[in-house]
Each structure stands twice: as structure tokens, then as C-alpha cells.
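Observations on the model geometry
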Amino acid sequence: MGAFRRIERELREIDLLQECAQGFERLTSWQYHMIAGRKGKTIEFTISFDRADFHHLAGLHKLKDNARIQTGQREMVMLDILAGRLTLPQIQKSAFYGEMEPRLHPLSMLEQFLDSNDIIFRYNAKAHAFSLIQADYLLQNDFEGNPVYLFLAKRNNDDTQVCRTFFPKSGTDYAEGQPRYTLLRKEKRNLETGDVIVQYDRLTPKHLNNQDNDMRKEYDFSVLSNGRRTLILTD
């Protein structure tokens, strides 16, 4: 029975690693556009996703004794995980695996993290003020009762933000002393279809949102003809 449970646990962990990669692969077709405000000032940015980003988010850079991961092309490493050519049991052989392990369960929920309207925004006008982490913004949410941090930084040669690193709180409170901003509007944009889901909106007057709800069916029917649909989700 003990051996069976060990095998069952390994299979579940393998599925978790691939689940993280599969979830991130889905996000590569989307962007999030967010507006947050504080004391009359607003910040506005768009988050984009690239396969190469997965490497750092999953903590694979921690595995300093794994030459394949350290020297391989980051996008190819993710594709190997998706295809089952690189598995968690292989990665667990690293002496540094314990440094990446806490990231996996939260990472499997990254899309839900970003879809949530409970995100706490932190921003400091002094560039890269988050300890040694080179980041412009800090997004915070909870996972199983524990704060999880998502750091964003400007993507090279692009106006969008990259998910620089993502991990649960384990000691340092990275939000301490950072100004807190309130979410004002959040859109999720599908790059393949052009569809836009308005997940949160405090900028549009409520009576206009109510009118949109009354006209939802008529609007959805009208936009089907040009292949573009916009949904507004309100509390």
C-alpha cells in the first residue's frame, strides 16, 4: 500500500507540473489591461505572456545543478514539460528543488489569481523599489489563506508588463511600506478572437452598466456578425 501511495503521489505531482505549463500556455492567448487608482492618481498597464516567462515563474532558474534547464532555451523547456519529456521526478533530483516547490500549487492557479477582483495593487514611483527584485508593480492575492506575490516589470522592446516572478509569502513582507492602489477597471483580452471581457469596472457609471445588462442579449446577437464580442461582468 505504501508503494502504491508513493506512485499515486508522484503521478499527481507530474500532473501538477504539466498543469502549471498548460495553464500558462492558455494565458499566452490573452492579455490583461488594468487601471488602479490612489488619491486621485491612476496607474494603467497591460500584462502579456510569453512561453519563455514560465521558466522563472515556476522557479526553474533555482535548479543550478541541472544543466539541461540552465542552458536550454526557456521556451523549449516549457514545451518539454507540456509534452511530458521533462517531468517532476527528473526535476526533484536537483538539490535545489525545495527552493522552487512552494511555487507550483499557486502557479497552477495563476489565471484565477489574475481573474480575481480581490487583487491588491502596490506601486512605488521609485523604480524597482521591491528589495532585490527588479519590478515596477506588485500584485498580491491570497492562496489557501497565504499571501501570494506577483511582480511585474516592463517587457523588453514592448509596452506591456511581464510576470517577472511569482511566489507565496514565506518570510519577507514585500508589500510593507508600498502604497496600496484600488482596482478601478480590469479587462481580459483574447488576442486570437479579439473578444474583450470586462471583469471589473468602477469607472463606468452604474446606470450605464445597468443599460448594458438590459441590452446584453441584443448586443451579443449584433456582434456575432463581425466575430467580436465584449462582455461586461459586474458585481
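Refer to the preceding data block for the structure.
Note that the coordinates shown come from a computational prediction; the quantities given were computed from them, not determined experimentally. (Residues numbered from 1 in each chain as written. Predicted model: local features only at pLDDT ≥ 70, side-chain atom pairs only at ≥ 80, totals over all residues. Heavy atoms only, no water.)

1. A few points about the side chain of Arg122
With respect to the helices and strands, Arg122 occurs in strand S3 (residues 120-123). Although Arg122 is buried, it forms no salt bridge, and the closest oppositely charged side chain is Asp173 at an N-O distance of 6.7 Å. Among the polar contacts made by the side chain of Arg122, one reaches the main-chain carbonyl oxygen of Gln178 at a distance of 2.9 Å. (Helix = DSSP H or I, 4+ residues; strand = E, 2+ residues; numbered from the N terminus. Buried < 20%, exposed > 50% of the residue type's maximum accessible area, 1.4 Å probe, protein only. Lys, Arg positive; Asp, Glu negative; His and termini not counted. Salt bridge = Lys/Arg side-chain N within 4 Å of Asp/Glu carboxyl O. Polar contact = N/O pair within 3.5 Å; in protein donor to acceptor, adjacent residues only side chain to side chain.)

2. Looking at unusual backbone geometry
Unlike most non-glycine residues, Lys39 shows phi in positive territory, near 50°. Within the secondary structure, Lys39 is located in the loop between strand S1 (30-38) and strand S2 (41-47). Notably, Glu144 is not glycine yet its phi reads approximately 55°, a positive angle. Among the structural elements, Glu144 can be located in the loop between strand S4 (137-143) and strand S5 (146-154).

3. Observations regarding helix H4 (residues 74-83)
Taken as a whole, H4 has its buried residues at Val77, Met78, Asp80 and Ile81. Each buried residue of H4 sits inside an arc of 155° when the element is viewed along its axis, so together they form one side. (Arc of directions from axis to C-beta.)

4. A look at the layout of surface pockets
In this structure, the largest pocket occupies an estimated 320 Å³ of space. In terms of residue count, strand S6 (residues 161-168) provides more of the lining of the largest pocket than any other element does, 4 residues in total. Counted by class, the lining of the largest pocket contains 6 nonpolar, 6 polar and 4 charged residues. (1 Å grid on protein atoms, 1.4 Å probe; cavity = no way out; pocket = protein on both sides within 12 Å on 5 of 7 lines; lining within 4 Å. Points joined across faces, edges and corners; volume = space filled by probe spheres on them. Nonpolar A, V, L, I, M, F, W, Y, C, P; charged D, E, K, R; others polar.)

5. Looking at the pairing of S1
Among the 9 residues of S1, 8 are classified as buried, and the element is accordingly described as predominantly covered. As defined by bridge partners, S1 adjoins strand S7 (residues 180-190) across 8 bridges and the pair is classed as antiparallel. Looking at S7, one finds that Ile35 is bridged to Arg185. With 7 bridges connecting them, S1 and S2 associate as antiparallel partners. Each bridged residue has a counterpart across the sheet, and for Ala36 the counterpart in S2 is Ile43. The antiparallel hairpin formed by S1 and S2 contains 2 residues in its connecting segment, where Lys39 sits at a positive phi of about 50°. (Pairing = 2+ DSSP bridges.)

6. Focus: the side chain of Asp201
One can find Asp201 in strand S8 (residues 196-201). With a relative accessible area of 12%, Asp201 lands in the buried category. At 2.9 Å, the side chain of Asp201 and the backbone nitrogen of Leu203 are in polar contact. Among the polar contacts made by the side chain of Asp201, one reaches the side chain of Thr204 at a distance of 2.4 Å.

7. Things to note about the pattern of salt bridges
Under the criterion given, the structure shown has 11 salt bridges. Across the pair Glu111 and Arg26 runs a salt bridge, and its minimum N-O distance is 3.9 Å. One end of the pair, Glu111, is in helix H7 (residues 110-115); the other, Arg26, is in helix H1 (residues 2-27), with 85 residues separating them in the sequence. Overall, the relative accessible area of 18% leaves Glu111 in the buried class. For the salt bridge of Glu111 with Lys188, the shortest nitrogen-to-oxygen distance reads 2.6 Å. In this pair, Glu111 sits in helix H7 while Lys188 sits in strand S7, placing the two residues 77 residues apart along the sequence.

8. Observations regarding the packing of aromatic side chains
Summed over all chains, the structure comprises 12 aromatic pairs. Their ring planes at 55° and their centres at 5.9 Å tell us that Phe24 and Phe54 sit as a pair that is tilted. Of this pair, Phe24 sits in helix H1 while Phe54 is found in helix H2 (residues 54-57), placing the two residues 30 residues apart along the sequence. Overall, the relative accessible area of 1% leaves Phe24 in the buried class. By relative accessible area, which is 1% here, Phe54 ends up buried. Each residue in the set Phe24, Tyr32, Phe49 and Phe54 is aromatic and connected to the rest through ring pairs, giving one cluster. Above the plane of the ring of Trp30 lies Lys188, whose end atom (NZ or CZ) is 4.9 Å from the centre. (Phe/Tyr/Trp six-rings, centres within 6.5 Å; stacked < 30°, edge-to-face > 60°. Lys NZ or Arg CZ within 6 Å of the ring centre and 35° of its normal.)

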